[in-house]
Amino acid sequence: MAACNQVVHIFFGVILFISCMTCIVAIRYEPNWESIDSRPLPVWYDESKIGIFIHWGVFSVPSLLSEWFWYQWKTEKNPTAMQFMKDNYKPDWTYQDFAEEFSAEMFNPDEWADIFGASGARYVVLTSKHHEGYTNWPSKHSFSWNSMDVGPNRDLVGSLADSIRKNTDMHFGLYHSLFEWYNPLYLQDKANNFKTNEFVKSKTMPELYEIVNAYKPEIVWSDGPMEGKDTYWNSTHFLAWLYNDSPVKDTVVTNDRWGSGIACHHGGYFTCNDRYNPGVLQKRKWENCMTIDKRSWGYRRDAKIADILTMEELITTLVETVSCGGNILINVGPTHDGRIVPVFEERLRSLGKWLNVNGEAIYSSKPWIHQNDTVTPGVWYTTKNSKKEGLAVYAIVLKWPTSDSLYLASPTPTPSTRVTLLGYPTPISWQKSSTEGIYLNVPVIPFNKMPCDYAWVFKMENLGDGGVYMLDDRNNVVLHRIARSVDEADGNFLEELKAEDKTQMPDGVVTFSWILSACVLFVLYTYTCKRRRQKWI
């Protein structure tokens, strides 16, 4: 009997050991797009919805035209840039001379953290290096062309990372340009039709490993030209390391700009192109990276007030983006001396005030079966489900109704439907349309009692149609049918919630759970066998 039990013990031990090893092996991502694309996005990213983008560098010194000033001056021969340089600088002035004036003497990272935190954003992405090649950290791979050696004489990346983490709950990320306009190694690789990759081996990839290990960003926002295939940039090998072995492997997210033909096809979430806002639901998680200054990512001294998004325009873009399943990354450009100018600060703080009232319809929301109303223009929908309240649908109305009734064609009410206006204490009465949809009775609210100044949100519960789009385990958007109320949902509702959590859980968490479970089972089995042997003796 003892020998038999020993055999059984060994058999189950081997099975459990193999199970543990299988789980460990399963989380390794291979350096190919099929494997890289299979990694689920960490859940925090989709729930966050809003981020702040910061374009800051030597281009902030001339602060004319855009952050591409060097290229516009030297390659495009832009007349405005040419005349500006002729009128204000000596003939032998070089772009590198601007770096001495990139002073950042008024840069207060705690103040930046306060502004960004007040905006309601949940993550921040700072430019670590733009196409000019200047690094905002003391890179070992950018000698005399970094923020420690020339200009501010300080680690700008490290200072902001520390302040964001100390003063806010926001996730910190870094933008990094794969290429550099005038780096001789890059230009030589380009002349060789990218059959050599000296620039990648000695500059780009060492920098990426350096910033990940030093600053542990939870977003790696890659950018670059549509030149050079991903194989030239060695992108998949870096991403495999990032997902498998880096210090942020379980929480980091990446975008899709990793070489020619990759954007909008491979990577973490899709950005496709600048200011990407398709206006319809996409098949994969995406991000709208956009600017408050309509014409530039970097700070411009020549900007006019008409170039700056109004609050109505900013919130409209936010609502359109989130309703269609996207995140929004809102860019501001600081000055060369390190200030967030008042117009940018005002927009961000005003956004935060709006989110204080209406954030329920934004954060952790999902696209509804209708992204915007089928009849009434300027109405966009989001949805959210919870164990406590069931399925809620939010109708975000961009303009306050001019009459005492608002018709929404997309929702189907039931006798138990309940409607409220976020930030307003009294429930909203309604009538069912004789055909389809619902009429909301719009209350008369004094201007000083209005819950917000832009884009009002009507929350509808217990509607007749319960559909919500969520991410599957490959970051694709799929329709889930969910019961319209907690009472009706019963067990099916809980199963949908479990499915949502599972599809977005980081692989490392799933793997750890499997390993822990297997180890606990092994210990329990060993203990049981030992007790039985003692009893037999």
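The model shown is predicted, which means the values in this text are computed figures rather than measured ones.

## Regarding the pattern of salt bridges
Then comes step 1: In the structure shown here, the tally under the stated rule is 25 salt bridges.
Then comes step 2: Measuring nitrogen to oxygen at the nearest pair gives 2.8 Å for the salt bridge that ties Lys-129 to Glu-207. Here Glu-207 lies in helix H9 (residues 198-215) and Lys-129 lies in strand E2 (residues 123-129), a separation of 78 residues in the sequence. In terms of burial, Lys-129 and Glu-207 fall into one category: buried.
Then comes step 3: Residue Arg-300 pairs with Asp-302 through a salt bridge whose shortest N-O separation is 3.7 Å.
Then comes step 4: For Arg-300, a relative accessible area of 3% translates into the label buried.
Then comes step 5: Several salt bridges share partner residues, and in doing so they unite Asp-293, Arg-295, Arg-300, Asp-302 and Asp-307 into one network.

## Remarks on the packing of helix H12 (residues 311-323) against helix H13 (residues 342-358)
Helix packing for two helices is described by the angle between their axes and how far apart those axes are.
Then comes step 1: Two elements in contact, H12 and H13, have axes separated by 10 Å at closest approach and are oriented at 55°. Comparing the axis directions of H12 and H13 gives the class oblique. Here H12 runs over H13; the crossing is right-handed. Together, Met-311, Leu-314, Ile-315, Leu-318 and Val-319 of H12 and Glu-346, Arg-347, Ser-350, Leu-351 and Trp-354 of H13 make up the contact between the two elements.
Then comes step 2: Of the residues assigned to the contact of H12 with H13, the class counts are seven nonpolar, one polar and two charged.

## Considering the state of the cysteines
Then comes step 1: One pass over the structure, following the stated rule, counts one disulfide.
Then comes step 2: A sulfur-sulfur distance of 1.9 Å marks the disulfide that ties Cys-264 to Cys-272. Residues Cys-264 and Cys-272 are joined through a disulfide that is right-handed, its torsion about the S-S bond being 70°.
Then comes step 3: Judged by relative accessible area, which is 30%, Cys-264 ranks as partly exposed.

So, how was this worked out
Residues numbered from 1 in each chain as written. Predicted model: local features only at pLDDT ≥ 70, side-chain atom pairs only at ≥ 80, totals over all residues. Heavy atoms only, no water. Salt bridge = Lys/Arg side-chain N within 4 Å of Asp/Glu carboxyl O. Helix = DSSP H or I, 4+ residues; strand = E, 2+ residues; numbered from the N terminus. Buried < 20%, exposed > 50% of the residue type's maximum accessible area, 1.4 Å probe, protein only. Axes fitted to C-alpha atoms, helices over the stretch in contact; angles between N-to-C directions. Parallel < 35°, antiparallel > 145°, perpendicular 65-115°, else oblique. Left-handed = near helix turned anticlockwise from the far one by under 90°. Contact = heavy atoms within 4.5 Å. Nonpolar A, V, L, I, M, F, W, Y, C, P; charged D, E, K, R; others polar. Disulfide = S-S within 2.5 Å.

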